[in-house]
There are 2 protein chains.
Amino acid sequence: MSQRAKYFREKIEAELVAIDLPANPSNLYDPMRYFLNLGGKRMRPVLALLAEELFTEPSESDIKVASAIELFHNFTLLHDDIMDVAPLRRGQQTVHEKWNENIGILSGDALMVKSYQQLAFSGAHFMEVFKRFNTTALEVCEGQQMDMDFEKKPDPATEDYLEMIRLKTAVLIGYSLWLGGKLGGASEGDLQNLYRVGITVGLGFQIMDDFLDVFGDPESFGKTPGGDILAGKKTILWMLSMDIGTADQIKKLKSIYSQTQRDSKTVDEVMEVFSALRIDQKIDELIREKFDSVGSMIKDLNGKEEAKEELRAYLQLLARRTI
Amino acid sequence: MSQRAKYFREKIEAELVAIDLPANPSNLYDPMRYFLNLGGKRMRPVLALLAEELFTEPSESDIKVASAIELFHNFTLLHDDIMDVAPLRRGQQTVHEKWNENIGILSGDALMVKSYQQLAFSGAHFMEVFKRFNTTALEVCEGQQMDMDFEKKPDPATEDYLEMIRLKTAVLIGYSLWLGGKLGGASEGDLQNLYRVGITVGLGFQIMDDFLDVFGDPESFGKTPGGDILAGKKTILWMLSMDIGTADQIKKLKSIYSQTQRDSKTVDEVMEVFSALRIDQKIDELIREKFDSVGSMIKDLNGKEEAKEELRAYLQLLARRTI
C-alpha cells in the first residue's frame, strides 16, 4: 500500500480507539466498540486525508474530522444490517444478532451523534463541512430507501440503478474527497473535481462488487458465488442484460428470477445468459471507463504531484487495475 | 394559554410545515411528514422561545433553531415506538405499523439529520449550541438504554429511576430552556439556572405522568387506568413503595408484579397497597416540591418580568398546579 495511505489508516485506527466511549450504559456503548472493532480498510477517511495532502499536511484535528466519516459510515452499516436481516458482518455476528434489534437501533443512533461530535474539530471550515455532511447524510438515506424500494420496482432502468448506487454509496466517497480538499484549503474548482473523483470511484467500486459477486474467484473473496443472484438482487449485471439482451434472453432471466426457490442451479442458468451476452466484458469496459476517468481527473487536479501520486496509487490498489 | 406561548406554538407549527421535505423517495419522507403531523404541544421549542424572550425577542432564525429540538424529539419518539412495539401514537398508527420497521428506522435516521440542519441557523452561537445538542442527544440515548435495561434490573433504587428519567426526558427540556437563553444572550448564571429549571420541570412532568397513569381520571386522559402496572413497568410509584413499604407490602407488590398474567384485578391489588402507603399523597408532595422549586428558580432569573411571567404561566398550565 502507498506509504501515506498506510500511515493515515493507522492514524484513523488510533483515533477510533481514542474516541470517548464511556463504559456505561454498556448496552449502548459496547455495540459501538464491537462494531468499530470489526475492522475495515477505513477507505473513506484515508481518501479524505490523501486528498487534503494535495494541498497541506493533515493536522491532528483533521484526523478527527476525517474519522467522523468512518463513524457515520459504520452507523449506516449497523442500521443496514438490521434492515437487511444480516446474520454476519466480516464473519462475525451483526450487532442485532449479538445483542438485539432494539440495541442495534439505539446504538446506531448514538453512533451517528458521535460522528457529528467528531466533525466539530473542523475549525474555520466547520459550517461548510457540517452543511455538506448533512446533505450527504440525507442522500445516503435516500439511496438506502431506493435500494429497499428497488426490489419491488417492476421494470427498473439502468439509470435508476446507477442513481441508487450513487446516493447509497458514491456520495459518501465524494464527500470524503471533498472534505479533504476543504480542510486543505483547495479552490472551488479542485473541490468540485475531488467530489467528482469520489463519485466516479464510488460507482466504479459498486459495479466491481456486483461483477465480483458473480464472476469473482470465491477463494479470493470468501463469498458464495452468485450471492446476489441467490438473493434475487438486480444489480448492474441484470440492468445491462435488460438493456442489451434479446427478447428471449430477457424473458429467460425474468423467468429464472421470478422463481421463489433459487439455488446453485439458478446461478448457473443466469450465468449462462450473462456469458452469452458477454456481460463480463461489458462490465469490465464500464469499470475501465470509470477508472480511466478517475485517472484523468486526478491528473487535472492542482496540488503536490507526490500527493496526487499517493492518491492514484491507493485507488489503483483498491480497484485492482491500472489507474 | 399564555399569549406568547400560543404565538410561539403557531410559529413552530408553521416552521415544521415549511421545512424542506422532498416528495421522493416517498417511503423516506412521507413517514416524516406523517409523524410531524400527529401533532403535539411542541412544548420543547415553545419553552426555548419563551426562555429567549426573557432577554430578547426571538428572530425567524431562532424559530428555526428551536424547531430542531422538536424534530429531534420526534425522531426519538419514532424510534422509541419501534423499540417499544407500540401500535398507536396519539390514537393513530405508529410509523412502523403504517409502513414497516425498516422504513421506521430509516425515516427516523433522516429525521435526526433534518434536526441538525435546523440547528445551522444559530449564527454566532452555533458551536456551543451544536456541542451541547450532541451531549444532550447522547444523554437521551443513554436514558432510553437505561429504560430498556430497567425492566431486567433486580432491585432498582429510586436514584436509578430518577437518573433514568433525567436522561431520558428531562435533559432535552433542560436543553430547550438553555438554548433559548443562549440565543437570547443570557449570562452563564442564567443559562445554568434555565437548564436547572428544565431538568426540574422534566422530572416533575415524568413523575406526574407516572402518577396520572394510575390515579388519573381515565375520562380526562383517555388511557386505561394502570397501564404501567399492566405492562409491569416500575415507575416512581413502585420506587417509593420499595422505599417506604413494610416488608409484607414489598413482598406483596413483588409477588403481584412477578405474575405473567396481569389484568384489572392486578391493578386493583397494586392500588390497594399504594393506597395503604398513601403513595398518592407522597407523590403529590414530590411533585409540589419540584414545581415550587421551579417557581423559585424562575423568580431568581434575570430578564424581563413580563417574559418570566409568560414562562411561569405556561408551565403552570402544563403542570396543572400553581407555580
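Conventions we followed
Residue positions are given per chain, counting from 1 as you read along its sequence in written order. Throughout, the order in which chains and ligands are written sets their labels, letters from A for the former and numbers from 1 for the latter. Note on the predicted model: pLDDT of at least 70 is required for a residue's local features to be given, and 80 or more for side-chain atom pairs to be given and counted; whole-chain, interface and lining totals, by contrast, use all residues. For the side-chain quantities, the full set of heavy atoms in the structure was used; hydrogens and water were omitted. Per residue, pLDDT measures the predictor's confidence, with a range of 0 to 100. In this comparison the copies share one frame, found by least squares on the C-alpha atoms of residues holding pLDDT of at least 70 in both. When checking whether two residues touch, look at their non-hydrogen atoms; a contact exists if any pair is within 4.5 Å. When a carboxyl oxygen of Asp or Glu lies within 4 Å of a side-chain nitrogen of Lys or Arg, that pair is called a salt bridge. For the purposes of this entry, the term helix denotes a DSSP run of H or I that reaches at least four residues, the term strand denotes a run of E that reaches at least two, and both are numbered from the N terminus. Buried, partly exposed and exposed residues are distinguished by accessible area as a fraction of the type maximum, computed with a 1.4 Å probe on protein chains only: under 20%, between the cut-offs, and over 50%, respectively. What counts as buried area is the accessible surface, traced by a 1.4 Å probe, that two parts surrender upon association, with contributions from both included. Counted as a polar contact is a pair of N or O atoms within 3.5 Å, where, for protein atoms, one must be capable of donating a hydrogen and the other of accepting one, and residues adjacent in sequence contribute only when both atoms are in side chains.

### Some remarks on the confidence of the model for chain A
Piece 1. Looking at chain A as a whole, its pLDDT mean stands at 95, while 99% of the residues score no less than 70.
Piece 2. The ipTM, which scores confidence in the relative placement of chains, is 0.96 for this predicted complex, and the corresponding pTM is 0.96.

### A closer look at the relation of the copies chain A and chain B
Piece 1. Between chain A and chain B, which share one sequence, the superposing operator has a rotation angle of 180° and an axial displacement of 0.0 Å; the RMSD is 0.0 Å. Classification of the inter-copy transformation places it as that of a two-fold axis.
Piece 2. Comparing interface residues between copies, 100% of those in chain A also lie at the interface in chain B; the contact surface is shared.

### Remarks on the pattern of salt bridges
Residues and elements named next belong to chain A.
Piece 1. For the structure shown, the criterion picks out 36 salt bridges over all chains.
Piece 2. K308 is paired through a salt bridge with E305; the nearest N and O atoms lie 3.3 Å apart. With a gap of 3 residues between them, K308 and E305 both fall in helix 16 (residues 305–319), about one helical turn apart.
Piece 3. Judged by relative accessible area, which is 5%, K308 ranks as buried.
Piece 4. Three or more residues are tied together by salt bridges with common partners; here these are E13, R42 and E70.

### So, the interface of chain A and chain B
Piece 1. Of the residues lining the interface, 38 residues belong to chain A; the matching set on chain B comes to 38 residues.
Piece 2. Here chain A meets chain B over a buried area of about 3300 Å², counting both sides, of which 72% is carbon and sulfur.
Piece 3. Linking chain A to chain B there are 0 salt bridges.
Piece 4. Where chain A meets chain B, there are 8 residue pairs in polar contact (both at pLDDT 80 or more).
Piece 5. Elements supplying a minimum of two residues to the side of chain A that touches chain B: helix 2 (26–37), helix 4 (60–83), helix 6 (101–119) and helix 7 (126–150) of chain A.

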